[in-house]
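Spelled out from the first residue to the last, the chains are:
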Amino acid sequence: MTSQPSINDVPLNPPPRSLTNHLAWGVLGALLIWSWSGADMRPADLWRDSANMVVFARDFFPPNFHDWRVYLAEMAVTIHIAIWGTVLAIICAVPLGLLSAENIAPKWVVQPVRRAMDACRAINEMVFAMLFIVAVGLGPFAGVMALWVHTTGVLAKLFAEAVEAIDPRPVEGVRATGVSLLEEIIYGVIPQVLPLWISYSLYRFESNVRSASVVGMVGAGGIGVILHEAIRGFDYAETSAVLLIIIVCVTLIDLVSSRIRQLAI
Amino acid sequence: MVALLGASGSGKSTLLRLLPGFMAADEGTVKVLGRTVQENGRLVGNARVVRRELGFVFQQFNLVSRLPVIINVLVGLLHRAAWWRRMLMLFTVGERQLALEAMASVGIEQTAWQRAGTLSGGQQQRAALARCLVQKARIILADEPIASLDPESSRKVMEVLTHLNRARGCTVLVSLHQVDFAIRYCPRTIALNAGRVVYDGPSSALTPALLAQLYGANASQLVENSPAVPPLMRDGAIPSGLVLA
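Residues numbered from 1 in each chain as written. Chains lettered and ligands numbered in written order. Predicted model: local features only at pLDDT ≥ 70, side-chain atom pairs only at ≥ 80, totals over all residues. Heavy atoms only, no water.

Visitor: Any chance you could explain the interface of chain A and chain B here in plain terms?
Guide: Interfaces are often described in size by the accessible area the parts lose on coming together. Contact residues are listed per partner, giving 20 residues for chain A and 26 residues for chain B. The contact between chain A and chain B buries some 2000 Å² in all, and 63% of this surface belongs to carbon and sulfur atoms. Taken together, the links from chain A to chain B amount to two salt bridges. Measuring nitrogen to oxygen at the nearest pair gives 2.8 Å for the salt bridge that ties Arg17 of chain B to Glu172 of chain A. (Contact = heavy atoms within 4.5 Å. Buried area = accessible area lost by both parts, 1.4 Å probe. Salt bridge = Lys/Arg side-chain N within 4 Å of Asp/Glu carboxyl O.)

Laid out in structure tokens, this is it:
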């Protein structure tokens, strides 16, 4: 005879952790220990050399804004690089994103396009900038090209994910009227994904302004060039002025762009 | 105007979705208006040419909710517009006039520039019917068009379908859950059970006894909440142009 289950049968201790759970923590711990030496972690140096660092940090103050006009002009160039890098990327990412969406394009198109986009995304803008400097020479255009290729890879993936998440019913509604695939996309798909696409594009523009200031450091124009020269010349007062200008501009653009993104959705 | 009757899972939607080729059949040929849509599970190349003749009305309306209602309606005449205007979503004044008239005939012209998603279910379904109107569809296939609507909206939608059938000469094949709507609006009923046609004849002959005989235990699902409604219409036009082989 079996008794009725009662409250006393329910244990107050949680059930024991599974073996896989223990194993996962063990693997994580081993990974951290293994990478400690590889990453040459020397936390003690932070204490030992703290006096040097205070001297070094003091060099940054007060910031030297003597050439602020130049900095602002170069910051504008940086933003121009980001604008064109992003716009060209959006133009390319729309068709490439659609071609890498499984619910739009056939598999034999999706896979190669996705792999190509992976490649664009895997390589950092800095690397592309160095390559394009060789190809098109020093200057902002190399920066635009670098951002363009990398951002196309990123946006195509994001655009495709948005397309794969659409509601298929409106598309079927459009299809029912006997239109072509392209019109199904224009009338059924794009209106659904447009707010997300705008949001992603603005977000990439924000991060491209940040990236554009870095690609300048390898010679691809903009404020990065000035920053690089200031650091190389040990002119830390100037460096801190440039950094402050970058921080203010990037923050402003982030704020404005996130406001616009909220409006788009 | 023909009602397609059957319990859930009896094959109503499957039958309707085979006709424009939204689904591929396992075997056999589907012909609409004398033209092949699909053959042995393969859609023929010009299936979309046939689709232009078919208006399809969905249970969930299937409008693009972020586009204005009038653009949703104008999608119905895309196949007659110049290609470069189609690509840019540009429509001529004449086309917009046509769409607005179609919307007026179903009573939703005031909502023209609202986003379709802001309309009530009944209004959205009438917008879908307006799209069939501008499409100049010869056959309208309605897949449970009133299943998600309140009784008043259901009545309006059924009346628009009746109008399309009588005034515009469209063949209307409408799948329904409720027998009373079939009796009231459709002279002829085709009843399905488990994928087979079990009845094809005048709707007026559909008595609870016959339904019980056709559906057994499923019958209650069809006649629930259905007071005996006298049929408004007697046997009228037999649909032509639909061939299932």
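More follows now that the structure is in view.
Visitor: Explain the domain arrangement of chain B to me, please; I cannot follow it from the model alone.
Guide: Residues and elements named next belong to chain B. The domain architecture assigned to chain B consists of domain 1 (1–53 + 137–245) and domain 2 (63–136). Both sides of the domain 1 and domain 2 interface together cover about 1100 Å² of buried area, and 68% of this is carbon and sulfur. Put simply, domain 1 and domain 2 have five residue pairs in polar contact (both at pLDDT 80 or more) between them. Looking at the side of domain 1 that touches domain 2, its residues break down into eight nonpolar, one polar and five charged. (Domains from an automatic or database assignment. Polar contact = N/O pair within 3.5 Å; in protein donor to acceptor, adjacent residues only side chain to side chain. Nonpolar A, V, L, I, M, F, W, Y, C, P; charged D, E, K, R; others polar.)

Visitor: Honestly, the pairing of strand β6 (residues 139–143) of chain B in this entry has me stumped. Any pointers?
Guide: For a regular strand, side chains alternate in direction, first toward one face of the sheet and then toward the other. All names here are of chain B. With five of five residues buried, β6 lies mostly within the body of the structure. Alternating residues of β6 divide into Ile139, Leu141 and Asp143 and Ile140 and Ala142, and every residue in both groups is buried. Strand direction decides the pairing type here: β6 and strand β7 (residues 171–176), joined by five bridges, are parallel. By the bridge assignment, Ile139 is partnered in β7 with Thr171. The parallel pair β6 and β7 is bridged by helix α7 (residues 151–167), and the resulting crossover is right-handed. (Buried < 20%, exposed > 50% of the residue type's maximum accessible area, 1.4 Å probe, protein only. Helix = DSSP H or I, 4+ residues; strand = E, 2+ residues; numbered from the N terminus. Pairing = 2+ DSSP bridges. Right-handed = clockwise from strand over helix to strand, strands pointing away.)

Visitor: Teacher, can you tell me more about the pairing of strand β5 (residues 54–57) of chain B here?
Guide: All names here are of chain B. Side chains of β5 alternate between two faces, with Leu54 and Phe56 and Gly55 and Val57 buried alike. As judged from the four bridges shared by β5 and β6, these two strands associate in the parallel manner. Residue pairing in the sheet places Val57 in a bridge with Ala142 of β6.

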